[in-house]
Amino acid sequence: MDLVKNLIQQVETLKSQKDFTKALELLEESLSKFNDDYRIYEEIADIYLYEWKVTKAKKAIDFAMNINPESATGNYLKGFILLSNNKIVEAIEFLEKSNFLMPNNAEVLRNLGWAYSMTGETKKGIFILKRALNISPNDKLITEDLAMALIWMGKVKEWNQLLEKIGK
C-alpha cells in the first residue's frame, strides 16, 4: 500500500476530528521520509488554512507546486490562497487549472465562480456558482456566494429565494 496515501488518510481523520495539532505533527514527522512527495506539503498547507495561517500555507503550497505543478489540489489551494489575498485575476488561473484537472468539484467551482464575480464577470460567475450548487445543493457557502452574485446583478427575487433556502 502507498505509505503516503495511508498517512494522508490518518491526517484526514485527525482533521475531521479538528485535531490539527496532531495532524500537523504527524505530517512534520513524515517529512524526513517523504520530503519529495507534494501531497505532504498540500496537507500541511490545508491545515495552515484551517488555522488561517495564510503565509505559512502559501509557503507549503508553493513547495508542493514546485514538486508537482499539475496537482489539482495544489492548484486549488494556490488559487484559494491568492483569492484570500485579493489577488483575484491570479487566482482564476490556478482555479481554472484545478477545475480542468478535477472537473465538477463543487468547492473549486465555488471559488472560481466567486473569483469571476469579483472581477466583474458576474454572469460567468453566476453560471459557475449555479453549477457548483447543482453538484452540492445543500452547501451554504455556495448558496451565500451565489446569492451575493445575484444581488450584484439585481436579481432580487432569485436572491431572496436562495437566502430563504438556507434560513437567512
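Summary of the structure given here. Worth saying up front: this structure is predicted, and the values here are computed from it rather than measured.

**Quick word on helix α8 (residues 122-135)**
Then step 1. Compared with an ideal rise of 1.5 Å per residue, which puts 14 residues at 20 Å, α8 spans 20 Å between its outermost C-alpha atoms and is within 8% of the ideal.
Then step 2. Residues of α8 that are buried: Thr122, Gly125, Ile126, Ile128, Leu129, Ala132 and Leu133. Viewed end-on, α8 has its buried residues packed into an arc of 170°, placing them on one side of the element. In α8, the exposed residues that point more than 90 degrees away from the buried face are Lys123, Phe127 and Asn134.

**Let's talk about the packing of helix α5 (residues 72-84) against helix α7 (residues 106-118)**
Then step 1. It is at 11 Å that the axes of α5 and α7 come closest, and there the two elements cross at 35°. As α5 packs across α7, the resulting crossing turns out to be left-handed. Each of Tyr76, Phe80 and Leu83 in α5 lies in contact with α7, whose residues at this interface are Glu107, Val108, Asn111, Trp114 and Ala115.
Then step 2. Residues of the contact of α5 with α7, tallied by class, amount to six nonpolar, one polar and one charged.

**Quick notes on the nonpolar core**
Then step 1. By size, the foremost hydrophobic cluster in this structure holds 50 residues, and its most contacted members are Leu27, Ile40, Ile44, Ile47, Leu49 and Ile61.
Then step 2. Apart from the residues lying within four places of it in its own chain, the contact partners of Leu27 are Leu7, Val11, Ile40, Glu43, Ile44 and Ile47.

**Some details on the environment of Ser32**
Then step 1. The topology assignment puts Ser32 in helix α2 (residues 20-34).
Then step 2. For Ser32 and Ile92, which are 60 residues apart along the polypeptide, the C-alpha to C-alpha distance reads 34 Å.

**Observations concerning the pattern of salt bridges**
Then step 1. Counted under the stated rule, the structure contains eleven salt bridges.
Then step 2. The shortest N-O distance in the salt bridge between Arg39 and Asp2 comes to 3.0 Å. Highlighted residues: Arg39 in helix α3 (residues 38-50) and Asp2 in the segment before α1 (3-16), separated in sequence by 37 residues.
Then step 3. Glu107 is paired through a salt bridge with Arg110; the nearest N and O atoms lie 2.9 Å apart.

**Focus on the packing of α5 against helix α6 (residues 88-101)**
Then step 1. Here α5 crosses α6 at 160°, and the two axes come no closer than 8 Å. The angle between α5 and α6 falls in the class roughly antiparallel. Of the two possible hands of crossing, α5 and α6 adopt the one that is left-handed. Judged by residue contacts, Ala72, Asn75, Tyr76, Lys78, Gly79, Phe80, Leu82 and Leu83 of α5 engage Ile88, Glu90, Ala91, Phe94, Leu95, Lys97, Ser98 and Leu101 from α6.
Then step 2. When grouped by side-chain class, the residues that make up the contact of α5 with α6 number ten nonpolar, three polar and three charged.

**Focus on a nonpolar patch on the surface**
Then step 1. Judged by side-chain polarity, Met118, Met148 and Trp152 come together as a nonpolar surface patch covering roughly 270 Å² of accessible area.
Then step 2. Inspection of the secondary structure assignment puts Met118 in helix α7.
Then step 3. The class of Met118 is partly exposed, set by a relative accessible area of 35%.

Rules and cut-offs
- Residue positions are given per chain, counting from 1 as you read along its sequence in written order.
- Per-residue local features are limited, in this predicted model, to residues with pLDDT of at least 70; the limit for side-chain atom pairs, both in listing and counting, is 80 or more; totals at the level of whole chains, interfaces and linings are taken over all residues.
- Side-chain measures were taken over the full set of non-hydrogen atoms in the model, leaving aside hydrogen atoms and water.
- Helix and strand definitions here come from DSSP, where helices need a minimum of 4 consecutive H or I residues and strands a minimum of 2 consecutive E residues; each element is numbered from the N-terminal end.
- A helix's residues, less one, multiplied by 1.5 Å, set its expected span.
- Classification of residues uses two cut-offs on accessible area relative to the type maximum, computed with a 1.4 Å probe and protein chains only: under 20% is buried, over 50% is exposed, and between them is partly exposed.
- Think of the arc as the fan of directions from the helix axis to the C-beta atoms.
- The axes are straight lines fitted to the C-alpha atoms, using for helices just the contacting stretch, and the angles between their N-to-C directions are given from 0 to 180°.
- Crossings are classed by handedness, with left-handed meaning an anticlockwise turn of the near helix from the far one by less than a right angle and right-handed meaning a clockwise turn.
- We call two residues in contact when some of their heavy atoms are within 4.5 Å.
- Nonpolar residues are Ala, Val, Leu, Ile, Met, Phe, Trp, Tyr, Cys and Pro. Charged residues are Asp, Glu, Lys and Arg, and all others, Gly as well, are polar.
- Residue types Ala, Val, Leu, Ile, Met, Phe, Trp, Tyr and Cys, when buried and joined through side-chain atoms within 4.5 Å, form a set referred to as a nonpolar core.
- The salt bridge criterion pairs a side-chain nitrogen of Lys or Arg with a carboxyl oxygen of Asp or Glu, the two atoms within 4 Å.
- Put simply, angles under 35 degrees are roughly parallel, angles over 145 are roughly antiparallel, angles from 65 to 115 are roughly perpendicular, and the rest are oblique.
- A patch consists of residues whose relative accessible area exceeds 30% and which take part in no salt bridge; residues with like charges are grouped when within 9 Å of each other, and nonpolar side chains (Val, Leu, Ile, Met, Phe, Trp, Tyr) when within 5 Å.
- Note on areas: Shrake-Rupley, 1.4 Å probe, and residue coverage restricted to the protein chains presented here.

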